[in-house]
Amino acid sequence: MARDDDGVGDAGASAAGGADRSLHQRIRADLEERILSGAWSPGHRIPFEHELMAQYGCARMTVNKVLSGLVEAGLIERRRRAGSFVRRPVGQSAVLRIPDVKAEVLSRGEAYQYELIGCTRRKATRDDRARIAVPAGAPVLALLCRHVADGRAYALEDRLIALDSVPEAASADFSTELPGTWLLAHVPWHEAEHEITAAPADARIAARLDVPVGTACLVIARRTWRGGAPITAVRIWYPGDRQTLVARFTPATAAGR
């Protein structure tokens, strides 16, 4: 049997390699269990490499190999300078894109117009708190906006902004700047939730969209958070013939790759 200068033979090297593989498998199994059990929800930050090295007493190469494997499996995603995060399921992420209504209209080849119908600062009502989950009496900014395409109402935006989280919104000029665009430019968000439903337009909604009462509408409700604190809650009403949701993917992306 060949020996190294330190007297450790091939058998010793093989055993060490086996131990490394065993530790790699244990770390990966631990992380997968937390992800697949839901203990780490989509968007959760995975401990940094140096944290995992300290926890498991292993080399950076071992940790990097584990994380690379989880990326390949579609369980996590790595963000430059931010770390690794539990990946959202592909079917969910397809509808979690933050929409840009102006871009939607322009992409259809139609002329876009924006109208601010109402902007009110108030203490959160019971209905507000059901939508945005702020404490009783917390200040919110309530906005009602209309998006117009080629002179016809395209969407009605009913938005609340939590002023404790985004105090600078109180001085923003939303008569000229779209609230969604302003928020994306000024306030980073860590988590978002979408709910998509169909609903008939009541008298208030119908009047704003210039459609008959009872018209079928697509309603996209979205909430965003930063560090667990609510940022905004918005409902966007589209007349049923003005919006189509399309998600294009391949078998590879459907498998989480």
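Anything mentioned here points back to the structure above.
Nothing here was measured: the structure is a model prediction, and the numbers come from that model. (Residues numbered from 1 in each chain as written. Predicted model: local features only at pLDDT ≥ 70, side-chain atom pairs only at ≥ 80, totals over all residues. Heavy atoms only, no water.)

Novice: Would you take a moment to explain the nonpolar core for this structure?
Specialist: Side chains of nonpolar character tend, in soluble globular proteins, to be buried together. Ranked by size, the top nonpolar core spans 25 residues in total, and within it Ile 161, Val 166, Phe 174 and Tyr 238 carry the most contacts. Where this core is concerned, the elements lending two or more residues are helix H5 (101–107), strand S3 (112–123), strand S4 (139–149), strand S5 (152–162), helix H7 (179–186), strand S7 (216–226) and strand S8 (229–239). (Core = buried A, V, L, I, M, F, W, Y, C linked by side-chain atoms within 4.5 Å. Buried < 20%, exposed > 50% of the residue type's maximum accessible area, 1.4 Å probe, protein only. Helix = DSSP H or I, 4+ residues; strand = E, 2+ residues; numbered from the N terminus.)

Novice: Can you help me understand helix H3 (residues 60–72) in this one?
Specialist: Along an α-helix, residues three or four apart share an orientation, since each turn contains 3.6 residues. Under the 1.5 Å per step criterion, the end-to-end length of H3 is 18 Å for 13 residues, consistent within 8% with the ideal 18 Å. Taken together, the buried positions of H3 are Thr 62, Val 63, Val 66, Leu 67, Gly 69 and Leu 70. Projected onto a plane normal to the axis of H3, the buried residues spread over an arc of 155° and lie on a single side. Residues of H3 that are exposed and point over 90 degrees away from its buried face: Met 61, Lys 65 and Glu 72. Downstream of H3 by one or two residues, Gly 74 has phi in the positive range, about 80°. (Expected span 1.5 Å × (residues − 1). Arc of directions from axis to C-beta.)

Novice: Can you help me understand the environment of Val 66 in this one?
Specialist: By the secondary structure assignment, Val 66 is in helix H3. Here Val 66 falls in the buried class, since its relative accessible area comes to 1%. When the C-alpha positions of Val 66 and His 24 are compared, they lie 6.4 Å apart, and in sequence the two are 42 residues distant. Apart from residues lying up to four places away in sequence, Val 66 is in contact with His 24, Ile 27, Arg 28 and Leu 31. (Contact = heavy atoms within 4.5 Å.)

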